[in-house]
Amino acid sequence: MTFSSELWDRGAASVYEQIVRHPFITGLTDGTLDHDAFQYFITQDSHYLRAYSRALSLVAGRATDEDAVSMFALHAANAIAVERELHTSLLGSLGLTPADVDAAGSGPTTTAYMSYLTAVCATGTYAEAVAAVLPCYWIYRDVGRELLKRSSPDPLYAKWIATYGSEEFDAVVEQVLAVTDTLDVGTAERERCHQHFATTCRYEWMFWDAAYHKLDWPVR
Ligand SMILES: Cc1ncc(CN)c(N)n1
């Protein structure tokens, strides 16, 4: 069994089933998700992508072979640029500006997820860092593919689905999976990789759930 399949089986399989059943996700395809929840999601995701881009740069710095260094560095720049472009156009359609995103600030789940990713990528081993960022690629690719089968009657949601269900995004994810499967991990390190992978999978579910409930800080 490949390392990536092992990670998925232990850390993602059950969470993924709960993600595709989540009302935020089903609401995207049947068009019932309210725009306020989607606006919260895109706003929070704009904050998340800033940290994610830095996390990928840290992974690039830790990579042990040149191809992986340039792949993660490229993703930190290019993959993020594509998502940022999507966000800018979706935010514009929702009547929001980058200043509104800044003013909203990052919510509790976004802050927790960004902090976790940053901590693992800054202090863990290269393999641990890869395991922590992998669900961000993989879950979105699989959710995108799944949703693309039905798309959405709402053009905003259809645009979001088309990005993550695209062949371009699939190719990016396949590259990262190939790198994951060449990692040389010791026994204790393997366990830590499983923990990080499972934790960031849970954060992926929590991110959608926070948007669905428009979760705010309980005190200010
Ligand atoms: C929370 C989250 N996770 C993953 C992705 C896809 N890179 C994203 N845009 N946002």
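All values reported here derive from a predicted model rather than from experimental measurement.

Colleague: Please give an account of empty space enclosed by the protein that cites residues and values.
Modeller: Vacant regions in the atomic arrangement are exposed by a probe of water-molecule size rolled over the atoms. In this structure the tally under the stated criterion is one cavity of 30 Å³ or more. Going through the elements one at a time, helix 3 (35-62), helix 7 (126-148) and helix 10 (187-213) are the ones with two or more residues in the lining of the largest cavity. Of all the elements, helix 3 adds the most residues to the lining of the largest cavity, at four residues. In terms of residue class, the lining of the largest cavity is made up of nine nonpolar, no polar and three charged.

Colleague: So what's going on with unusual backbone geometry? Which residues, and what values?
Modeller: One non-glycine residue, Ser151, adopts positive backbone phi at about 50°. Along the chain, Ser151 turns up in the loop between helix 7 and helix 8 (155-164). The partly exposed category is assigned to Ser151, whose relative accessible area is 23%. Residue Lys214 is not a glycine yet carries a positive backbone phi of 45°. In this fold, Lys214 is placed in the segment after helix 10.

Colleague: I'd like to hear about the packing of helix 3 against helix 6 (residues 108-123), residue by residue, with values.
Modeller: Interaxial distance between helix 3 and helix 6 falls to 9 Å at its minimum, and their mutual angle equals 5°. The orientation of helix 3 relative to helix 6 falls into the category roughly parallel. Each of Gln44, His47, Tyr48, Ala51, Tyr52, Ala55, Leu58, Val59 and Arg62 in helix 3 lies in contact with helix 6, whose residues at this interface are Thr110, Tyr113, Met114, Leu117, Thr118, Cys121, Ala122 and Thr123. Among the residues forming the contact of helix 3 with helix 6, the class breakdown is eleven nonpolar, five polar and one charged.

Colleague: Break down the pattern of salt bridges for me, citing the residues and quoting the values.
Modeller: The tally for this structure, following the rule as stated, stands at twelve salt bridges. One salt bridge connects Glu174 with Arg141, and the closest N-O pair in it is separated by 2.9 Å. Of this pair, Glu174 sits in helix 9 (residues 167-180) while Arg141 is found in helix 7, placing the two residues 33 residues apart along the sequence. A residue is classified by how much of its surface remains accessible, and Glu174, at 38% relative accessible area, is partly exposed. Through salt bridges with shared partners, a single ionic network connects Arg141, Asp142, Arg145, Asp170 and Glu174.

Conventions adopted
- Counting starts from 1 at the beginning of each chain's written sequence and moves along it residue by residue.
- With the structure being a predicted model, the display of local features is reserved for residues of pLDDT at least 70 and the display and counting of side-chain atom pairs for 80 or more, all residues being used for whole-chain, interface and lining totals.
- The side-chain values count all of the structure's non-hydrogen atoms but skip hydrogen atoms and water molecules.
- Cavity means a closed set of points on a 1 Å grid over the protein atoms alone, one where a 1.4 Å probe fits but cannot get out, pocket means an open set with protein on both sides within 12 Å along at least 5 of 7 lines, and lining means a residue has an atom within 4 Å of a point.
- Grid points are joined across faces, edges and corners, and a volume is the space filled by probe spheres set on the points.
- Put simply, DSSP marks the helices as runs of H or I at least four residues long and the strands as runs of E at least two long, and each gets a number from the N terminus on.
- Asp, Glu, Lys and Arg are counted as charged, while Ala, Val, Leu, Ile, Met, Phe, Trp, Tyr, Cys and Pro are counted as nonpolar; the rest, among them Gly, fall into the polar class.
- Exposed residues in this analysis have more than 50% of their type's maximum accessible area, buried residues have under 20%, and partly exposed residues fall in between, with area computed by a 1.4 Å probe over protein chains only.
- Geometry is summarised by axes, namely lines fitted to C-alpha atoms with helices restricted to the contacting stretch, and by angles between N-to-C directions that run from 0 to 180 degrees.
- Roughly parallel here means an angle under 35 degrees, roughly antiparallel means over 145, roughly perpendicular means 65 to 115, and every remaining angle is called oblique.
- Contacts are assigned to residue pairs that have any heavy atoms within 4.5 Å of one another.
- We define a salt bridge as a contact between a side-chain nitrogen of Lys or Arg and a carboxyl oxygen of Asp or Glu at a distance within 4 Å.

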